[in-house]
Amino acid sequence: TIVLDRKYGEHVIVARKKGEYWYVGGLNNTEEKSINLSFDFLEDRSYRYTLISDGVNANRVAGDYKISNGTIRKGEDINLVMKIGGGFLIKIQP
């Protein structure tokens, strides 16, 4: 398990590898924030990812989420918005 970002009492982002898959998760506190997540921990090749993140109305409706897919490489980053009390999950695979 790797701690990618944290600020005590505000948010935490961790990554864990199991076999060929990486799982990245983030939890937020009571203030919406934007996080620039770097993928420097990956090996130098292309990966596919599935991202489950807070939806546009997640501050009012806790069950609001969105699912997106894409590709990522080592050194690239993704900008994520974590809503109040929200977070995200990313599954990364070769």
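In what follows, the structure referred to is the one given above.
Residues numbered from 1 in each chain as written. Predicted model: local features only at pLDDT ≥ 70, side-chain atom pairs only at ≥ 80, totals over all residues. Heavy atoms only, no water.

1. Things to note about the pairing of strand E3 (residues 21–28)
Consecutive side chains of a regular strand alternate in pointing toward one face of the sheet and then the other. Going residue by residue along E3, you find Trp22, Val24, Gly26 and Asn28 tucked away on one face and Tyr21, Tyr23, Gly25 and Leu27 left uncovered on the opposite face. With 8 bridges joining them, strand E2 (residues 11–18) and E3 adopt antiparallel strand pairing. Looking at the pairing, His11 lines up with Asn28 of E3. Counted along the chain from E2 to the antiparallel partner E3, the turn is 2 residues long, and its residue Gly19 has a positive phi close to 65°. Relative to strand E8 (residues 87–93), E3 runs antiparallel, the two sharing 6 bridges. From the neighbouring strand, Gly25 faces E8, where its bridge partner is Leu89. (Buried < 20%, exposed > 50% of the residue type's maximum accessible area, 1.4 Å probe, protein only. Helix = DSSP H or I, 4+ residues; strand = E, 2+ residues; numbered from the N terminus. Pairing = 2+ DSSP bridges.)

2. Describing the packing of aromatic side chains
Applying the stated rule across the entire model yields 2 aromatic pairs. Centroid distance Phe39 to Phe41: 5.8 Å. Interplanar angle 40°. Geometry classified as tilted. Exposure remark for Phe41: the relative accessible area of 18% places this residue in the buried category. (Phe/Tyr/Trp six-rings, centres within 6.5 Å; stacked < 30°, edge-to-face > 60°.)

So yeah, pure geometry; function would need other evidence.
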